[in-house]
Amino acid sequence: MISLDEIQMMWKEDSEINIDDLHNESLKVPLLHSKYYEIYNNVSLLRKQALITFKTKKLGRSNYYNGKADPEVYKDDPFPYKIRDKETLTRYLEADEELNKVLLKIDYYDTILKYLEEIIKMISNRSHSTTICTVQCIKSNDVTNKDLLCIVAHPPILICFVLFGFDLFCLF
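Because the structure is a prediction, the values reported are computed rather than measured. (Residues numbered from 1 in each chain as written. Predicted model: local features only at pLDDT ≥ 70, side-chain atom pairs only at ≥ 80, totals over all residues. Heavy atoms only, no water.)

For the rest of this paragraph, the subject is the overall build of the protein. Broken down by element type, the protein carries seven helices and zero strands. Mapped in sequence order, the helices and strands of the protein form the string α-α-α-α-α-α-α. When the 172 residues of the protein are sorted by exposure, 32% land in the buried category. Put simply, 69% of the contacts in the protein that link residues at least 6 apart link residues at least 24 apart. By element, 57% of the accessible surface of the protein is carried by carbon and sulfur atoms, the whole surface being about 11,700 Å². (Helix = DSSP H or I, 4+ residues; strand = E, 2+ residues; numbered from the N terminus. Buried < 20%, exposed > 50% of the residue type's maximum accessible area, 1.4 Å probe, protein only. Contact = heavy atoms within 4.5 Å. Areas by Shrake-Rupley, 256 points an atom, 1.4 Å probe, with all protein chains shown as cover.)

Here it is as structure tokens:
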């Protein structure tokens, strides 16, 4: 599994935009989206697996604290009490180390998922950022032939031409 630190390092590199090469930067958007969404899906599945593990362990630990577990369990890990009321059982379950380890793992996955959601939002907005930068380049007459090919192939930029009153034919 990929760690949060590894994802942060990857994003640190991938988040940089070369303002002088907007054409290639806009081509990277689907690749970056795919890359981070794949990681998101994998972590999401790991979280679901950890949640199932938590529920299974919680049932086992409930049975243990209630005195209903297999007698072999008590030979290895004796528990001198039989808890009968729900409030006391809840306190023991909340303090249980095995359960807390799994809960910590779920919280870690939640943190990664939240971070990945923000990355995916930024990637989705990146195409709009490159559009704005391209329009600014056009306004300043700093457009190359390669940029013009990108403009023709990029529908949001054509919409910007209409919104800003540019005459597309005057650029050629």
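Turning next to the packing of helix α2 (residues 22-66) against helix α4 (residues 86-95). Each pair of packed helices gets described by two things: the angle between the helix axes and the distance between those axes. Remark: α2 packs on α4, axes separated minimally by 10 Å, with the N-to-C direction vectors making an angle of 125°. With respect to α4, the axis of α2 lies oblique. You can see that α2 and α4 cross each other, and the crossing is right-handed. Only Leu-89, Tyr-92 and Leu-93 of α4 make contact with α2, whose side of the interface consists of Lys-58, Arg-61, Ser-62, Tyr-65 and Asn-66. (Axes fitted to C-alpha atoms, helices over the stretch in contact; angles between N-to-C directions. Parallel < 35°, antiparallel > 145°, perpendicular 65-115°, else oblique. Left-handed = near helix turned anticlockwise from the far one by under 90°.)

Applying the stated criterion to the full structure yields nine salt bridges. Here Glu-98 and Lys-57 are joined by a salt bridge, their closest N and O atoms 3.7 Å apart. One end of the pair, Glu-98, is in helix α5 (residues 97-139); the other, Lys-57, is in helix α2, and 41 residues separate them in sequence. Using a relative accessible area of 36% as the deciding quantity, one classes Glu-98 as partly exposed. Given the relative accessible area of 33%, Lys-57 is considered partly exposed. Because the salt bridges share partners, they merge into one network encompassing Lys-57, Arg-61, Asp-96 and Glu-98. (Salt bridge = Lys/Arg side-chain N within 4 Å of Asp/Glu carboxyl O.)

On to the packing of helix α1 (residues 4-14) against α2, then. The interhelical angle for the contact between α1 and α2, taken along N-to-C directions, is 170°, at an axis separation of 12 Å. It follows that α1 is roughly antiparallel to α2 by the angle criterion. Contacts from Ile-7, Met-10, Trp-11 and Asp-14 in α1 reach Leu-32, Lys-35, Tyr-36 and Ile-39 in α2. Considered class by class, the residues forming the contact of α1 with α2 number six nonpolar, no polar and two charged. (Nonpolar A, V, L, I, M, F, W, Y, C, P; charged D, E, K, R; others polar.)

This next bit is on the nonpolar core. Ile-7, Tyr-36, Val-43, Tyr-65, Leu-116, Ile-119 and Ile-123 are the most contacted members of the largest nonpolar core, which totals 29 residues. Breaking this core down by element, the ones donating at least two residues are α1, α2, α4 and α5. For Leu-116, the residues in contact, after removing those within four places along its chain, are Ile-7, Tyr-36, Ile-39, Tyr-40 and Val-43. (Core = buried A, V, L, I, M, F, W, Y, C linked by side-chain atoms within 4.5 Å.)

Another aspect to go through is the environment of Ser-44. With respect to the helices and strands, the residue Ser-44 is situated in helix α2. The class of Ser-44 is buried, set by a relative accessible area of 19%. Between the C-alpha atoms of Ser-44 and Ile-112, which are 68 residues apart in sequence, the distance is 9.2 Å.

With that settled, consider the packing of aromatic side chains. Counting across every chain of the model gives ten aromatic pairs. Taken together, a centroid distance of 5.1 Å and an interplanar angle of 70° make the contact between Tyr-65 and Phe-79 edge-to-face. Highlighted residues: Tyr-65 in helix α2 and Phe-79 in the loop between α3 (71-76) and α4, separated in sequence by 14 residues. Summarising the burial analysis for this pair, Tyr-65 and Phe-79 share the class buried. (Phe/Tyr/Trp six-rings, centres within 6.5 Å; stacked < 30°, edge-to-face > 60°.)

Geometric values such as these leave the question of function open.
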